[in-house]
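# Understanding the architecture of this molecule
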Amino acid sequence: MNTKGKGQTRLGSLVTVESKLLALRATLRGLRTPGETLVKTACSSNEKVLSAAAGTGAVDGETTLTIDQVASASRATAGADLFSTTDTVALGPGTFEFRVGEGEPQVIELTSLTTLSQLVRAINTLGAGATAVSVNIGTGESRSYRLEIVANETGSASNLTVINDDTKLDVSASAGTDARFAIAGSLDTIEGASNLLLDVIPGVTVILKESGSSAKVTVANDSNAIEAKVQVFVDAF
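Note that the structure is a prediction, hence the values are computed from the model and not measured.

## Considering the nonpolar core
- Counting residues in each nonpolar core, the largest one holds 23 residues, and the members touching the most others are Phe96, Leu119, Leu147, Ile149 and Leu169.
- Of all the secondary-structure elements, those providing two or more residues to this core are strand S4 (75–78), strand S5 (94–100), strand S6 (106–110), helix H3 (116–126), strand S7 (130–136) and strand S8 (145–151).
- Among residues more than four places away in sequence, those in contact with Phe96 are Gln106, Val107, Ile108, Leu110, Leu119, Ile123, Ile149, Val162, Asn164, Asp165, Thr167 and Val171.

## Considering the sheet that holds strand S11 (residues 179–183)
- Pairing is antiparallel in the open sheet, where five strands are placed in the order S1-S15-S3-S11-S12. Only two strands of the sheet have a single neighbouring strand rather than two, namely strand S1 (40–44) and strand S12 (189–192). The mean inter-strand angle of the sheet, taken between neighbouring strand axes irrespective of direction, is 25°.
- Where strand S3 (residues 61–69) lies against S11, four bridges are found, and the strand directions are antiparallel. In the strand pairing of S11, Ile67 is matched with Phe181.

## With respect to the sheet that holds S7
- The sheet built from four strands is open, its strands ordered S7-S8-S4-S10 with antiparallel pairing. Edge positions in the open sheet fall to S7 and strand S10 (171–174), since each of these has one partner strand only. Averaged over all pairs of adjacent strands, the angle between their axes in this sheet comes to 20°, without regard to strand direction.
- Of the pairings in the sheet, the one linking S4 to S8 comprises three bridges and is antiparallel in character.

Scoring rules and cut-offs
Residues numbered from 1 in each chain as written. Predicted model: local features only at pLDDT ≥ 70, side-chain atom pairs only at ≥ 80, totals over all residues. Heavy atoms only, no water. Core = buried A, V, L, I, M, F, W, Y, C linked by side-chain atoms within 4.5 Å. Buried < 20%, exposed > 50% of the residue type's maximum accessible area, 1.4 Å probe, protein only. Helix = DSSP H or I, 4+ residues; strand = E, 2+ residues; numbered from the N terminus. Contact = heavy atoms within 4.5 Å. Pairing = 2+ DSSP bridges. Axes fitted to C-alpha atoms, helices over the stretch in contact; angles between N-to-C directions.

Structure representation (C-alpha cells):
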C-alpha cells in the first residue's frame, strides 16, 4: 500500500486550499467597509461644458455649476510678421524684456543678427513661466511667421507684461482670465486661476470647459466597478 503517495496528495491538497484561503482573505480586505466596496462614479450632463471624475470621499448627489467664465492664459503676440524663422527681429543692439505675473523682469539681449528662432529659443531657455513659439499664419507656400508667447499658467496672476521691446515685431500682451462660476443654491460667485477644481464637490475633480454655460454633475454608485469587485471575490472563493 503506497501511503507515501497518498500523504503527498493530501499535502498538495492542503497547500491548494491554503493558497485559496489566502487569496480569499486578500480579496476580503478590499470589501471590509462600504467605502471600499461601493465605488463611485461622477458624470457630467454636458461634457462640452465640464467634465467630472469621482475619487475618494465622493458621495451620491447632484450639483449644478453655472460657468460665467473659464480661466485662460495671458498671451503676448507680435503685430508684425516675418517671412521666415531665420529672418532677423531687430535692426540693431537692444533688448526684449518681459515679466510673468509679479516675477522678476526677463531680459533677452538683441543684435542686428538675432533671428526669430533664436529669440524663441532664448525666451524658452529662461524658464520664466512662459513658452514662446513662432506660428506660421500663412497659407500654402506663402508662409508668414508670428511670435507668440503664452503664460504656462492660466489666470490673471500669471499675466504677461512687455516691459521693453526693441524688436521690429511690435509685441503686445493681453491679459489672462480667472475662472468664475456659481453653484446652484448658493448666492456666492467662486473665482480661481485654474479650470481644474479639486474641492468644490467633495471627492470629485471637475474641469471647466465652456463659458456662459451650465451643467449638472451627478455622483452615484459605479455598478460596473462594484460588480467587478464582487466577481474577484467569487473567483477567489
